[in-house]
Every structure is written in structure tokens, then in C-alpha cells.
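Structure at a glance
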Amino acid sequence: VLIAGGFDASGNPLSTTEIFDPKTRQSTGGPDLLVARARHTALRTSSGDVVFFGGQDASGQPLASVEIYSFVPIAKPPAAQLPELPNVAAPDMAVAQISPCAHLLPDQRMLVTGGIDAAGAGVQVAQLLDRRHDHDTSTPDFKDPAWESTANNMLTERAGVRAVSLLAGNVL
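Just so it is clear, the structure is predicted and the values come from calculations on it, not from any experiment.

Here is what the cut-offs are and how they apply
- Residues numbered from 1 in each chain as written.
- Predicted model: local features only at pLDDT ≥ 70, side-chain atom pairs only at ≥ 80, totals over all residues.
- Heavy atoms only, no water.
- Helix = DSSP H or I, 4+ residues; strand = E, 2+ residues; numbered from the N terminus.
- Buried < 20%, exposed > 50% of the residue type's maximum accessible area, 1.4 Å probe, protein only.
- Contact = heavy atoms within 4.5 Å.
- Areas by Shrake-Rupley, 256 points an atom, 1.4 Å probe, with all protein chains shown as cover.
- Pairing = 2+ DSSP bridges.
- Axes fitted to C-alpha atoms, helices over the stretch in contact; angles between N-to-C directions.
- Polar contact = N/O pair within 3.5 Å; in protein donor to acceptor, adjacent residues only side chain to side chain.
- Salt bridge = Lys/Arg side-chain N within 4 Å of Asp/Glu carboxyl O.

**Overview of the overall build of the chain**
Each helix and strand counted, the chain has zero helices and eleven strands in total. Expressed as a percentage of its 172 residues, the buried residues of the chain come to 33%. Nonlocal contacts in the chain, meaning residues at least 24 apart in sequence, comprise 45% of its contacts between residues at least 6 apart. Working note: accessible area of the chain is about 9,800 Å², and carbon and sulfur atoms make up 54% of it.

**Structural notes on the sheet that holds strand β8 (residues 101-104)**
One open sheet holds the four strands; their spatial order is β8-β9-β10-β11, and the pairing between them is antiparallel. In this open sheet, the two strands that pair with only one neighbour each are β8 and β11 (146-149). Each neighbouring strand pair of the sheet contributes to a mean axis angle of 30 degrees, computed without reference to strand direction. As defined by bridge partners, strand β10 (residues 126-130) adjoins β11 across four bridges and the pair is classed as antiparallel. Within β11, the position partnered with Leu129 by the bridge is Trp147.

**Quick word on the side chain of Gln56**
As for its position among the elements, Gln56 is in the loop between β5 (50-53) and β6 (66-69). Within the structure, the side chain of Gln56 is placed 3.1 Å from the side chain of Arg39, a separation counted as a polar contact. Non-local contacts of Gln56, meaning those with residues more than four positions away in its chain, are made with Phe7, Pro13, Ala36, Arg37, Ala38, Arg39, Gln61, Leu63 and Ile98.

**A closer look at the pairing of strand β9 (residues 110-113)**
Burial along β9 is two-sided: Met110 and Val112 facing one way and Leu111 and Thr113 facing the other are all buried. In this sheet, β9 lies alongside β8 in antiparallel orientation, the contact comprising four bridges. Across the sheet, residue His103 finds its bridge partner in β9, namely Leu111. Here β8 hands over to β9 after five residues, with Gln108 in that stretch at a positive phi of 80 degrees. In terms of strand pairing, β9 meets β10 through four bridges, oriented antiparallel. Paired with Val112 across the strands is Gln127, a residue of β10.

**Here's the deal with the pattern of salt bridges**
Applying the stated criterion across every chain yields a total of three salt bridges. Here Arg109 ties to Asp107 by a salt bridge, and the two come within 2.7 Å at their closest N and O atoms. Of the residues examined, Asp107 reaches a relative accessible area of 31% and is grouped as partly exposed. Between Arg109 and Glu148 there is a salt bridge, with its nearest N and O atoms 2.8 Å apart.

**Points about the environment of Pro62**
As for its position among the elements, Pro62 is in the loop between β5 and β6. Of the residues examined, Pro62 reaches a relative accessible area of 12% and is grouped as buried. Linking Pro62 and Ile116, residues 54 residues apart in sequence, is a C-alpha distance of 7.6 Å. Look past the residues within four positions of Pro62 in its chain and what remains in contact with it is Gly55, Ala96, Gln97, Ile98, Ile116, Asp117 and Ala118.

**Looking at the sheet that holds strand β2 (residues 17-21)**
The strands that make up a sheet are held in pairs by hydrogen bonds between backbone atoms, and each pair lies either parallel or antiparallel. Read across the open sheet, the three strands follow the order β1-β2-β3; overall the sheet is antiparallel. Either end of the sheet is taken by a strand with one partner, and the two such strands are β1 (2-4) and β3 (26-30). Taken pair by pair, the neighbouring strands of this sheet meet at an average axis angle of 30 degrees, ignoring direction. Pairing analysis gives five bridges linking β2 to β3, with the strands arranged antiparallel. In the strand pairing of β3, Ile19 is matched with Thr28.

Laid out in C-alpha cells, this is it:
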């Protein structure tokens with residue numbers, strides 16, 4: 001279990017992470033986030049990578065930044081050895097958002113909706129992050145994540161939103 005960011009006892013956003021092992025019931029320090037953040041959203045992809053979206057910075061402002069942690073599998077690691085977690089920045093979201101909602105779609109794109117913007121209002125923008133996007137087809141092993149527009153935004157601004165996949169593949 002990857003535990004990342006949040007607030008410290010003084011109310012400051014954290015950049016630290018911990019990895020909790022349910023078998024040993026122990027936490028071990030993990031690599032730092034690229035940006036200290038709280039009230040962000042984390043999404044685990046089908047490959048096991050974890051993507052962090054938005055959140056709140058130390059001044060209380062919403063973040064547009066996105067980070068991807070890629071878990072490198074290690075066959076039967078010794079008990080004290082943790083997998084490396086190289087983290088990379090992905091392109092920023094169009095709207096900085098505190099507490100956005102992120103959802104993995106069947107085609108592996110990520111839908112990000114809702115949240116709270118810099119004015120404290122709900123966010124109406126819906127965005128799709130495609131990690132498989134490739135700007136340069138001459139380098140097939142390197143993908144360049146890109147944001148895609150949706151056909152339209154949500155019908156209303158939403159803060160504190162949650163989403164669920166329906167059997168047909170749509171998101172409610």
C-alpha cells in the first residue's frame with residue numbers, strides 16, 4: 001500500500017511517502033513526491049503504476065501538477081528490499097484542482113473531473129489523460145502522456161464528486 005502526501009501535524013502538505021506491507025504490518029519510507037501535496041487524488045492503473053492528480057500546496061492553492069510512479073516488479077525480493085519507484089512529472093491539468101476525482105477507463109485513459117478551483121468553486125472541466133500517447137513514433141519504447149479534450153464538460157460544476165464505472169463502460 002502506497003501512502004503519499006497529506007498534511008503534517010502543523011497543517012503543511014507533505015512530499016513524503018510510505019509503503020505499508022500488510023504481511024509484516026510495517027511501514028517503510030518511500031521516495032518523495034515531486035511536489036508536496038494534500039487533498040490530491042491517487043489512481044492505480046492496471047499496470048500497477050500510481051498517478052497523483054492535483055491537490056493543495058503549502059499556500060493553500062490548488063495544484064495542476066500530475067505525477068506518475070512506475071512500480072518496477074522484482075521477483076521475490078528479500079524482505080528488506082523494496083521495488084524502485086521512479087516518479088516522473090506528467091503534463092499539468094488544464095485546471096488546478098483540489099480533491100479532483102480520477103477514474104480509470106476500460107481503454108486505460110484516465111478521466112479527471114470535479115474538484116475545487118482557485119476561486120473555491122466546483123470544477124466543471126472533464127479531462128482525459130492518455131499515458132499511451134506517443135508524440136514521437138521513432139521512439140516506440142517511450143510514451144509521452146498527453147491530455148485529450150472530452151466532447152463536452154460536465155453539465156454542472158462539481159466539488160466532492162465521486163465516479164463509478166457502469167457495466168457498459170460509461171462513468172456515472
